[in-house]
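Tertiary structure, described
In case you want the letters, here they are:
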Amino acid sequence: MLVMKGIVKQFPGVRALDGVDLDVRAGEVHCLLGQNGAGKSTLIKVLAGVHQPDEGTIVFNDKEVRPSSPIDAIKLGFATIYQELDLVDGLSVAENIFLGHEHARFGFMNRAAARRAAREVLERLGHGEIRPAAEVGRLSPAAKQVVSMARALSHDAQLIIMDEPSAALAHDEVANLFRIIRELTAQGVAVVYISHRLEEIREIGDRVTVLKDGRTVAVGLSARDTATTQIVSLMTGRNVEYVFPPRAGREPGEEVLTVEHMTAPGVFADVSFSVRAGEIVGLAGLVGSGRSEILEAVYGARPSSGRVLLAGKRVRRGVVGTVKRGMGLAPEERKAQALLLDQSVTANITLGTLPGFARFGWIDRKREMSEAKRLSEMLDIRPPDPERPIRTLSGGNQQKAVLARWLLGGTKLLLLDEPTRGVDVGARAELYAVIRGLAEQGIGVLLVSSEVPEVLGLADRVLVLREGAVIHQGDAAELDEHRVLDMIMNGRAA
C-alpha cells in the first residue's frame with residue numbers, strides 16, 4: 001500500500017532523516033521503532049503533510065504522492081494520531097471528532113447530526129460512556145486519547161498512523177485498542193504503530209522497521225520472531241539490558257511524607273500512607289483508580305481533606321506552599337504542564353528557583369547558566385547545550401530537565417507521574433538509574449506508573465489502588481505482576 005524510499009528531511013543544523021525507507025502492506029500492523037531522536041516523529045509528519053521531504057519518493061496505492069498539508073494527507077487517506085494529542089480543549093468531543101469536516105447544512109453546523117455520528121464512532125471504540133457534548137478540556141488523558149482515535153476513524157482512512165496510542169491507557173483499555181486495530185486491519189486498513197513498549201509490539205505487530213539517527217537500520221523484521229535483544233541493539237547501537245537498577249539494600253531514613261485519611265469526594269477516600277527518606281513508593285492501579293489524583297492532592301493542586309505532613313510538619317494546601325517546603329512534581333503531561341517549550345533548557349531547569357538567582361531585581365545569568373550546566377552534566381542531558389530550546393530535546397531528556405529543576409530547589413520529596421511515558425528503551429534505563437540515584441541521595445520518591453513491571457522494578461514499597469481506595473500495601477519484592485493485576489482488576493490477590 002505504501003512505499004517510502006530514500007526520504008531526506010533537513011532542518012537548520014540537523015539532518016533529521018537521512019534516506020529512510022519504509023514499506024507498509026494493506027491489512028498489516030507495521031511497527032516503527034527507534035530511540036527518541038531517531039526520526040520517527042519527523043517521518044510520520046512527512047506522511048501527515050506537516051513536513052515536505054527534501055529528497056525521496058512516497059508511493060501510495062501505486063501512485064506517487066507528496067502530501068502538501070495535513071488536509072491533503074487526509075484527502076489521500078492518511079490519518080494520524082499523535083503522541084501529543086492535537087485536540088482543541090475548548091470544543092466538545094463531537095466538534096473535535098469532526099474538526100475540518102463538520103456536519104453542516106445550508107452553511108450552518110448540524111450539531112445534532114455530529115453528536116449522533118460521534119456517539120456511533122465512540123461506541124465502535126467501546127467508549128460509549130464519553131458524552132459527545134462534553135468539553136474535551138475536562139476529559140482525562142485516557143479519554144482524550146479515545147477522542148483522538150475517534151477523529152482518525154471518522155475520516156474513513158486507509159492508512160492510520162498511531163504514535164504511542166497506549167501511553168495514557170490502562171491495561172484493559174489497551175486490550176480494547178488492540179481489538180479495534182485488529183478490526184481495522186481485517187478490513188484492509190494499514191496501521192503504522194509506534195510504541196516504546198516492546199511487549200506490545202509482539203502482541204499487535206506483524207512487521208518491524210527500526211530507525212537510528214535518521215537512518216533505516218532494519219526493514220520488515222518479524223514482530224513476533226525477532227529477539228528483543230536484537231531489536232534493542234538495532235535501536236541503540238549497543239547492548240542495553242532492560243533491567244532496573246539494584247536496590248540499595250539499606251534502610252530508609254525518617255518519614256518525609258505522611259498522608260492521613262486524605263479524601264477527595266468522588267475520586268478517592270480515606271487514603272493513608274507514608275514515604276521515608278531514600279525510599280521509592282509506587283502507586284499501581286487502573287486509569288481512574290485515583291493514583292494521579294492522589295499525587296495532585298499531596299502536591300496541593302487538588303482540593304482534599306485529611307492531613308499531609310512533610311518532614312513532620314503540616315503542609316498548607318496550595319502549590320506554592322508545598323514547593324517552598326521541599327516538594328516537587330514531574331507531571332504526566334510534561335509538555336503541557338511542566339515545560340516552557342520555546343524556552344531554553346536552562347530556563348526550564350531554573351524555573352522553580354529563579355528568585356534565588358536574582359540580585360537587586362536582576363537575574364545573575366552567569367550563575368544561572370553555571371547551575372543549569374552542572375545539573376545537565378549530572379543527569380547527562382543530551383545534547384549538552386543548556387541554551388538549546390527544550391522542545392528540540394527527546395522525551396527522555398526533557399524529563400531529565402524536569403527532574404533537574406527540583407534538584408535545584410533542595411527537594412525532599414519528588415512526585416513522579418508516568419516518568420517514562422513516551423521514553424524509549426535506552427533512555428528508560430538511564431531514567432531508572434537517575435531516579436534510583438536520587439533516592440540514594442536521601443530524596444523520598446512517590447511514583448505513579450501505568451506499567452506494573454515499572455512500579456515493581458523501581459519501587460521499594462507498593463500501594464495498590466482500586467476505585468479510589470488503597471486495597472493493599474506491601475514490599476515490592478513480595479509482589480509480582482500477576483498478583484498486582486489481579487488486585488487492581490478484581491479487588492483481590494491471586
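Above this text you will find the structure in question.
Nothing here was measured: the structure is a model prediction, and the numbers come from that model. (Residues numbered from 1 in each chain as written. Predicted model: local features only at pLDDT ≥ 70, side-chain atom pairs only at ≥ 80, totals over all residues. Heavy atoms only, no water.)

Looking at the pairing of strand β10 (residues 190–194)
Counting buried positions over the five residues of β10 gives five, a clear majority of the element. Of the two faces of β10, the one lined by A190, V192 and I194 and the one lined by V191 and Y193 are each fully buried. Two elements, strand β3 (residues 29–33) and β10, share three bridges in a ladder whose sense is parallel. Each residue of the ladder has a partner; that of V29, found in β10, is V191. (Buried < 20%, exposed > 50% of the residue type's maximum accessible area, 1.4 Å probe, protein only. Helix = DSSP H or I, 4+ residues; strand = E, 2+ residues; numbered from the N terminus. Pairing = 2+ DSSP bridges.)

Topic: a negative patch on the surface
There is a patch of like negative charges on the surface, built from E199, E203, D480 and E481. Within the secondary structure layout, E481 lies in helix α17 (residues 481–490). (Patch = residues over 30% accessible without salt bridge, like charges linked within 9 Å, V, L, I, M, F, W, Y side chains within 5 Å. Areas by Shrake-Rupley, 256 points an atom, 1.4 Å probe, with all protein chains shown as cover. Salt bridge = Lys/Arg side-chain N within 4 Å of Asp/Glu carboxyl O. Lys, Arg positive; Asp, Glu negative; His and termini not counted. Charge placed at Lys NZ, Arg CZ, Asp CG, Glu CD.)

Re the sheet that holds strand β16 (residues 305–310)
Sheet architecture is open: four strands sit in the order β14-β13-β16-β17, paired in antiparallel fashion. Edge positions in the sheet fall to β14 (268–276) and β17 (313–314), since each has one partner strand and no second. With five bridges joining them, strand β13 (residues 255–264) and β16 adopt antiparallel strand pairing. What sits directly across from T258, in β16, is L309. Along the sheet, helix α9 (residues 291–299) makes contact with β13, β14 and β16, crossing β14 at roughly 70°. (Contact = heavy atoms within 4.5 Å. Axes fitted to C-alpha atoms, helices over the stretch in contact; angles between N-to-C directions.)

Brief notes about the pattern of salt bridges
Taken as a whole, this structure holds 30 salt bridges when the rule is applied. Between D364 and R367 there is a salt bridge, with the nearest N and O atoms lying 3.9 Å from each other. Residues joined in a network through salt bridges with shared partners are D380, R382, K400 and E430.

Some remarks on the sheet that holds strand β22 (residues 444–448)
One open sheet accounts for six strands, arranged β18-β21-β22-β15-β23-β24; its pairing is mixed. The sheet is open, and its two edges are formed by β18 (327–330) and β24 (469–475), each paired on a single side. Strand-to-strand twist across the sheet, computed as the mean angle between neighbouring axes with direction ignored, equals 15°. Where strand β21 (residues 413–417) meets β22, five bridges bridge the pair, whose relative direction is parallel. Residue L416 lies in a different strand from β22, and its bridge partner there is L447. Contacts from α9 reach β15 (280–284), β18, β21, β22 and β23 (461–466) within the one sheet, and its direction differs from that of β21 by about 150°. Taken strand by strand, helix α14 (residues 395–408) contacts β18 and β21, and its axis lies near 170° from that of β18.

A short note on the packing of aromatic side chains
The full count for this structure, using the stated rule, is three aromatic pairs. Ring centres of F60 and F78 lie 4.7 Å apart, and the angle between their planes is 80°; on these two criteria the pair is classed as edge-to-face. On the criterion of sequence distance, the pair formed by F60 in strand β4 (residues 55–60) and F78 in strand β6 (residues 78–81) is long-range, its members being 18 residues apart. Here the two residues F60 and F78 agree in accessibility, since each one is buried. (Phe/Tyr/Trp six-rings, centres within 6.5 Å; stacked < 30°, edge-to-face > 60°.)

What to know about the environment of L339
If you trace the backbone, L339 turns up in the loop between α11 (334–337) and α12 (345–349). Between the C-alpha atom of L339 and that of Q399, which follows or precedes it by 60 residues, the distance is 9.4 Å. Leaving out residues up to four positions away in the same chain, L339 has contacts with R334, N348, I390, Q398, V402 and R405.

Quick notes on a positive patch on the surface
A contiguous patch of positive charge, built from R115, R116, R119 and R131, is present on the exposed surface. With respect to the helices, strands and loops of the structure, R131 is situated in the loop between α4 (111–124) and α5 (141–154).

Describing helix α13 (residues 365–379)
For α13, with 15 residues, the first-to-last C-alpha span of 21 Å sits near the 21 Å given by 1.5 Å per residue. Taken together, the buried positions of α13 are E368, A372, L375, S376 and L379. Taken end-on, α13 shows its buried residues confined to a sector of 105°, consistent with a single buried face. Along α13, the residues that are exposed and aim more than 90 degrees away from the buried face are K366 and E377. Note on α13: the residue one or two positions beyond its end, D380, has a positive phi of about 55°. (Expected span 1.5 Å × (residues − 1). Arc of directions from axis to C-beta.)

A closer look at α5
Look at α5: 20 Å from first C-alpha to last across 14 residues, which is about the 20 Å you get at 1.5 Å a residue. Within α5, 13 of the 14 residues are buried, which leaves the element mostly enclosed by the surrounding structure. Looking one or two residues past α5, D156 carries a phi angle of roughly 55°, positive in sign.

Concerning the pairing of β24
Pairing of β23 with β24, which is carried by six bridges, proceeds in the antiparallel orientation. Paired with L463 across the bridge in β24 is Q473. Connecting β23 to the next strand, β24, in antiparallel fashion are two residues, including E467 with a positive phi near 50°.

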